[in-house]
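Observations on chain architecture
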Amino acid sequence: MKIITSIFDLNKEIKNYKNIGFVPTMGGIHEGHKSLIKASQNKKKMTIVSIFVNPAQFNKKDDFKKYPRNIQNDIAILKKLNVEYLFTPNAKDMYKFKAKKFSLKKKDKILCAKFRVGHFEGVLNVMNRLLTIIKSKDLYMGEKDYQQLYLIKKYLSKKFKVRINSCPTIRINNKIALSTRNKLLNKRSFKKASEIASFLKKIKYRSISHASKLDLNLPDYKKELEKKYKIKIDYLEFRDEKNLKLNNFKNKYRLFVAYKIDNVRLIDNY
Ligand code: AMP
């Protein structure tokens, strides 16, 4: 595996490749990330993984500071997976060239966009930069971050003619989703988060057999969970998979959640 930090060097290395599969990450590589890499490799792509903890997408400085980082461990895992290139740019280089600024349309200011103001503008900004540098036709991204996937499809896929391959969420024992932020949880919070995942899965399951999904009364479940687990839930909402419309049950839908447990913010969807 070649580890490349400079944009110039990366361009030189990859300019003749047509068959690139790109997996952008913020590091703390886990089974979720691995599944994206394997999806790219299964399609015989020359796989590039990037690790860049993007300051622009953190709306709180402290959150950026405490985001778990372990580059040596990441390198060891990626080498084992036979990834061809690891791109680890620094923030100065990433932001030194001019690039389009994005603002979200009003109807996209929902879910995390409402609770983490500026977050997705930061994500779109960095993804626009990464896709300018890495002209890949295939991007591999996780459904765990469903709204991110949705917005990148909406705002960037046409511009770059990139196919966005969405990959299912990898969970531990069918419960809590793998996430780099899980490293910030202590044992007790981790156990609670696993129980919350089971509970929410059940609600989703129950909703399938309910003719009127709204009989399930999510606000009551929200209160119950907040009280039982001493958490603060930002949102607990059913939304359409295709257009993220609220309580639209004509097509496939998902149950979206974001909550804070012991000052760690977790998101998921079922
Ligand atoms: P991150 O490093 O958290 O920015 O995530 C990098 C990519 O991995 C994103 O496309 C995520 O959606 C994806 N990802 C993160 N966690 C999981 C998971 N548990 N299952 C599948 N994909 C994931």
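What comes next is a walk through the structure.

Along its length, the protein carries 10 helices and 9 strands. Compactness check: the protein gives a C-alpha radius of gyration of 19 Å against a globular reference of 18 Å for 270 residues, within 12% of the reference. Based on the C-alpha atoms only, the size of the protein along its principal axes is roughly 60 × 40 × 35 Å. Across the 270 residues in the protein, those meeting the buried criterion constitute 53%. Sequence separation of 24 or more characterises 71% of the internal contacts of the protein that already satisfy a separation of 6 or more. Carbon together with sulfur atoms contributes 52% to the accessible area of the protein, which is approximately 14500 Å² in total. For the protein, the distance from the average position of its 64 positive side-chain charges to the average position of its 24 negative side-chain charges is 3 Å.

Next up on the list: the pairing of strand β5 (residues 138-142). By the criterion of burial, β5 is predominantly enclosed, with 5 of the 5 residues buried. Residues D138, Y140 and G142 point to one face of β5 and L139 and M141 to the other, with burial holding for every one of them. Summarising the sheet, strand β2 (residues 20-25) and β5 pair through 2 bridges and their orientation is parallel. Looking across to β5, one finds that F22 is bridged to L139. Summarising the sheet, β5 and strand β6 (residues 163-167) pair through 5 bridges and their orientation is parallel. Counterpart to L139 in the pairing with β6 is I164. Between the parallel pair β5 and β6, the chain is carried across by helix α8 (residues 146-160), and the sense of this crossover is right-handed.

With that settled, the discussion passes to a positive patch on the surface. A cluster of basic residues, K100, K105, K107, K158, K159, K245 and K250, forms a positive patch at the surface. Assignment of secondary structure puts K245 in the loop between β7 (232-240) and β8 (253-261).

Here is what the cut-offs are and how they apply
- The residue numbering used here restarts from 1 in each chain and proceeds along that chain's sequence as written.
- A pLDDT threshold of at least 70 governs which residues receive local features in this predicted model, and a stricter bar of 80 or more applies before side-chain atom pairs are shown or counted, although totals over entire chains, interfaces and linings include all residues.
- Side-chain numbers here rest on the full set of heavy atoms in the structure, without hydrogens or water.
- Comment: elements are numbered from the N terminus, with helices defined as DSSP H or I runs of at least four residues and strands as E runs of at least two.
- Each radius of gyration is computed over the set of C-alpha atoms, and the globule rule expresses the reference value as 2.2 Å times the number of residues to the power 0.38.
- Note on classification: 1.4 Å probe, protein chains only; a residue is buried when its accessible area is under 20% of the maximum for its type, exposed when over 50%, partly exposed between these limits.
- Throughout, a residue-residue contact means that at least one pair of heavy atoms, one from each residue, lies within 4.5 Å.
- In this description, accessible areas are obtained by the Shrake-Rupley approach with a 1.4 Å probe, and a residue is regarded as covered only by the protein chains that are shown.
- Under the counting rule used here, the positive set is Lys and Arg, the negative set is Asp and Glu, and His together with the chain ends is not counted.
- Every charge is mapped to an atom, namely NZ of Lys, CZ of Arg, CG of Asp or CD of Glu.
- For two strands to be treated as a pair, DSSP must find no fewer than two bridges joining them.
- If you view a crossover with the strands going away from you and the path from the first strand over the helix to the second runs clockwise, you call it right-handed.
- Here the term patch refers to residues with relative accessible area over 30% and no salt bridge, with like charges joined within 9 Å and nonpolar side chains (Val, Leu, Ile, Met, Phe, Trp, Tyr) within 5 Å.
- Salt bridge, as used here, is a side-chain nitrogen of Lys or Arg placed within 4 Å of a carboxyl oxygen of Asp or Glu.

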